[in-house]
Amino acid sequence: MMEQQFDVFLAHSSKDKPLIRQIYRQLRARGIRPWLDEEEIPPGTKFQDEIQQAIGQIKTAAICIGQNDLGPWQALELKTFISQCVRRDIPVIPVLLPGVEAIPENLLFLSEFHGVFFRNGIDDERAFFQLEWGITGRKPRIDATSVMLEPSEPVSSLPTEDADPADNLASEKGIDYGRLRDLLKAQNFKDADYETYLRMLEAVGRKKGDWIRDKELLNFPCADLKTIDRLWVKYSDGKFGFSVQKKIYVQCGAKLEASIQGDKIWEKFGDRVRWRVNNSWIYYKDVTFSTSAPQGHLPIPVGSFNGWSLGLLVSSLALALVKCKV
């Protein structure tokens, strides 16, 4: 067998070439040697002959599936290519490009392989983490400034060499807020929002997939509430945090003496923090996870994302903050 000169073969539709070039550059930057047709096939040579030769020179094959459907002949050629890879014991990695949520019906034979999903765009660090792992067989080192894990698969901690020693991560429940601190410091507000949800569930004894009841918020442990709020306020330069939301809530006319304030105040608050747009409550997918969001937009209270539950949770959080002197 020929010497394996390439770490991964990037199989793709020509219509997805711009995305594949970006993946190619990212992999090269990570020290991985990808095989890409336009980089390896000289003009005037037979395409299929070069592909057959490449199979003997690669360690893995990444089958990149974009939104452009493959024709029946292309699908057949791809199936033949994958069969040769399997026969030669070359790992096959389905790679679903942005906008593709499932393997197309004409490529269902790929479902038996564990795939990589670029759910958050072509720069999705989580996807590159998985892809690099699949190609090299080694988990890449996780950098706290470039978080690679998506919310559904959290890890217990991130490197904290650069952590601010002044950060107070106090917890009445023995909860580790190091990951939340690192995510916020890295300005990764989306994962930080989910981490906040997980740690708040932990503080009240609930598990992932559940939600916090308003009465549990009213009795939320003060040290933990202060830690979560302090981290959000600090690393957003005062733009986000529960105490920021409480201030806006009061400005909207809320009286912090009862948990039920009423739809009008909740709607006014929702308009201010842009949880409501054009008189309608937004969906979680429409949340803005950056400092371009309005003041108080983050974090999102844990609970179902609709006007009633949000209003009730904001009311309960505000009362808990008063009780905890935040």
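Figured I'd write up the structure that's included with this text.

All right, on to the packing of aromatic side chains then. Evaluation of the coordinates by the stated rule reveals 11 aromatic pairs. Centre to centre, the rings of Phe118 and Phe128 are 5.1 Å apart; their planes meet at 85°, and the pair counts as edge-to-face. One end of the pair, Phe118, is in the loop between strand S5 (116-117) and helix H5 (125-136); the other, Phe128, is in helix H5, and 10 residues separate them in sequence. When sorted by exposure, Phe118 lands in the same class as Phe128, which is buried. Between Tyr249 and Phe269, the ring centres sit 5.6 Å apart and the planes meet at 85°, which makes this aromatic pair edge-to-face. Highlighted residues: Tyr249 in helix H10 (residues 242-251) and Phe269 in helix H11 (residues 263-273), separated in sequence by 20 residues. The exposure class of Phe269 is buried, given its relative accessible area of 3%. Its end group placed over the ring of Phe117, Arg119 keeps NZ or CZ at 4.3 Å from the ring centre.

Packing of helix H6 (residues 178-185) against helix H9 (residues 222-235) leaves a shortest axis separation of 9 Å and a crossing angle of 15°. On the basis of the axis angle, H6 is roughly parallel to H9. The interaxial crossing formed by H6 with H9 has right-handed handedness. Across the interface between the two elements, Leu180, Arg181, Leu184 and Lys185 from H6 touch Ile228, Leu231, Trp232 and Tyr235 from H9. Within the contact of H6 with H9, the residues separate by chemical class into six nonpolar, no polar and two charged.

Let's shift gears to the sheet that holds strand S4 (residues 92-96). Here five strands make up an open sheet; going across it, the order is S2-S1-S3-S4-S5 and the pairing parallel. If you trace the sheet from one side to the other, it starts and ends with strand S2 (34-35) and S5, each paired once. With respect to the sheet, helix H1 (residues 17-29) is in contact with strand S1 (6-11), S2 and strand S3 (58-65), its orientation differing from that of S1 by roughly 170°.

Cut-offs applied
- Residues numbered from 1 in each chain as written.
- Predicted model: local features only at pLDDT ≥ 70, side-chain atom pairs only at ≥ 80, totals over all residues.
- Heavy atoms only, no water.
- Phe/Tyr/Trp six-rings, centres within 6.5 Å; stacked < 30°, edge-to-face > 60°.
- Helix = DSSP H or I, 4+ residues; strand = E, 2+ residues; numbered from the N terminus.
- Buried < 20%, exposed > 50% of the residue type's maximum accessible area, 1.4 Å probe, protein only.
- Lys NZ or Arg CZ within 6 Å of the ring centre and 35° of its normal.
- Axes fitted to C-alpha atoms, helices over the stretch in contact; angles between N-to-C directions.
- Parallel < 35°, antiparallel > 145°, perpendicular 65-115°, else oblique.
- Left-handed = near helix turned anticlockwise from the far one by under 90°.
- Contact = heavy atoms within 4.5 Å.
- Nonpolar A, V, L, I, M, F, W, Y, C, P; charged D, E, K, R; others polar.
- Pairing = 2+ DSSP bridges.

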